[in-house]
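Given next are the chains, with one letter for each unit.
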Amino acid sequence: TLGSRWGGTCDCGGDLDLEGGYQFGEVGAADVEAWFVAAQAGYTVLECPVKSRWFVGYDLASGDDKPADGEVGTFNQLFPLGHAYFGGIDIVGRQNIQDVSVGVSLVPLDKLTVRIEGHQFSRAENSDALYDAGGNVVRAGDAGSSYDIGQEVDVVADYKWNLHLNLQAGYSHFFAGDFLSQSGADEDIDLAYASAQYTF
């Protein structure tokens, strides 16, 4: 895997992050040719009672358009991070995926940060599967023809109590899309959690 990343900020409050990777090699007798690109643009508002950063992002990881042609086009996410890029529920990973995201991070109090974000998920190739954050197949590619996977909304509150103790609570809701309806159970998913982390 070869990759590159560029990021920067400007005095006006804007920021931009661009990243991409290309994979090549072999899996058994099949040749690997896969890739991903990701970008996020943000704007931080400082001249307000509540500090905020607004952002929009786009993530595209290749899928396999012809599973039986002897070439592997599905990007391998290698060392995936749960919750980091595709919502808190982890039904989606960086393989055969398109994700358009928008959100805001608010700092209403000195130690409190609240993040609200939304995702629109769709398959990059409708002949390839839906993969979760761990790289497992959630639904096979031939189980449905739709690209639409669904939408997710996440709300996370993070409170830094002191140097050692951090408290977090979150809620996520996933709205099942047409591909899930075509391929099996399509109930919406809810996730709520609370955690305390103490660092020695």
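Residues numbered from 1 in each chain as written. Predicted model: local features only at pLDDT ≥ 70, side-chain atom pairs only at ≥ 80, totals over all residues. Heavy atoms only, no water.

Caption draft 1: Seen up close, the overall build of the protein chain. Scanning the protein chain from terminus to terminus reveals 1 helix and 12 strands. Starting at the N terminus and ending at the C terminus, the protein chain contains elements arranged as β-β-β-β-β-β-β-β-β-β-β-α-β. Here the C-alpha coordinates of the protein chain stretch approximately 55 × 40 × 35 Å along the principal axes. When the 200 residues of the protein chain are sorted by exposure, 37% land in the buried category. Relative to all contacts within the protein chain whose residues are 6 or more apart in sequence, the contacts with residues 24 or more apart total 55%. Of the roughly 11,400 Å² of accessible surface on the protein chain, a fraction of 58% belongs to carbon and sulfur atoms. Considering the protein chain, the positive charge centre built from 10 side chains and the negative charge centre built from 30 side chains are found 9 Å apart. (Helix = DSSP H or I, 4+ residues; strand = E, 2+ residues; numbered from the N terminus. Buried < 20%, exposed > 50% of the residue type's maximum accessible area, 1.4 Å probe, protein only. Contact = heavy atoms within 4.5 Å. Areas by Shrake-Rupley, 256 points an atom, 1.4 Å probe, with all protein chains shown as cover. Lys, Arg positive; Asp, Glu negative; His and termini not counted. Charge placed at Lys NZ, Arg CZ, Asp CG, Glu CD.)

Caption draft 2: Local environment of a nonpolar patch on the surface. A contiguous nonpolar surface patch, about 650 Å² in accessible area, is contributed by Leu-2, Tyr-22, Phe-24, Trp-35, Val-37, Tyr-58 and Val-100. Where the nonpolar patch is concerned, the elements lending two or more residues are β2 (14-27) and β3 (30-45). Tracing the backbone through its elements, the reader meets Leu-2 in strand β1 (residues 2-9). Leu-2 sits in the exposed class, given a relative accessible area of 56%. (Patch = residues over 30% accessible without salt bridge, like charges linked within 9 Å, V, L, I, M, F, W, Y side chains within 5 Å. Salt bridge = Lys/Arg side-chain N within 4 Å of Asp/Glu carboxyl O.)

Caption draft 3: Structural context of the pairing of strand β6 (residues 97-109). Here strand β4 (residues 51-61) pairs with β6 via 11 bridges, running antiparallel. What sits directly across from Leu-60, in β6, is Gln-98. Two strands pair when backbone bridges link them, and β6 and strand β7 (residues 112-122) are joined in this way by 10 bridges, in the antiparallel orientation. Within β7, the residue paired with Leu-106 across the bridge is Val-114. Counting the residues that bridge the hairpin from β6 to β7 gives 2 residues. (Pairing = 2+ DSSP bridges.)

Caption draft 4: A look at the nonpolar core. Counting residues in hydrophobic clusters, the biggest one holds 16 residues, and the most contacted among them are Val-92, Ile-97, Phe-121, Ile-149 and Phe-174. Secondary-structure elements contributing two or more residues to this core are β3 and α1 (178-183). For this core, the element with the most residues is β3, which contributes 3 residues. Ignoring sequence-local partners within four residues, the contact set of Ile-97 consists of Asp-59, Leu-60, Ala-61, Phe-86, Val-92, Phe-121, Ser-122, Ala-124 and Ile-149. (Core = buried A, V, L, I, M, F, W, Y, C linked by side-chain atoms within 4.5 Å.)

Caption draft 5: Just the pairing of β4, in detail. Where β3 and β4 come together, 10 bridges link them in antiparallel fashion. Pairing of Ala-39 across the sheet is with Tyr-58, part of β4. Counting the residues in the hairpin turn of β3 and β4 gives 5 residues.

Caption draft 6: Quick peek at a negative patch on the surface. Together, Glu-26, Asp-31, Glu-33, Asp-65, Asp-69 and Glu-71 give the surface a local cluster of negative charge. In this structure, Glu-33 sits in strand β3. On the basis of relative accessible area, Glu-33 is assigned to the partly exposed category, the value being 49%.

Caption draft 7: Spotlight on the packing of aromatic side chains. Summed over all chains, the structure comprises 5 aromatic pairs. For the pair Phe-86 and Phe-121, a centre-to-centre distance of 6.5 Å together with 50° between the ring planes defines the contact as tilted. Taken together, the positions of Phe-86 in the loop between β5 (71-72) and β6 and Phe-121 in strand β7 put the pair 35 residues apart, joining distant regions of the chain. For the pair Phe-86 and Phe-121, a shared accessibility class is recorded, and that class is buried. Across from the ring centre of Tyr-85, 4.7 Å away, lies the NZ or CZ of Arg-94, which sits over that ring. One residue, Arg-123, lies across the ring of Phe-179, its end atom 3.7 Å from the ring centre. (Phe/Tyr/Trp six-rings, centres within 6.5 Å; stacked < 30°, edge-to-face > 60°. Lys NZ or Arg CZ within 6 Å of the ring centre and 35° of its normal.)

Caption draft 8: Layout of unusual backbone geometry. Phi at Leu-78 takes a positive value of approximately 65°, unusual for a residue other than glycine. Note that Leu-78 resides in the loop between β5 and β6. Even without being a glycine, Asn-96 presents a positive backbone phi close to 50°. Within the element layout of this structure, Asn-96 appears in the loop between β5 and β6. Judged by relative accessible area, Asn-96 falls into the buried class, the value being 0%.

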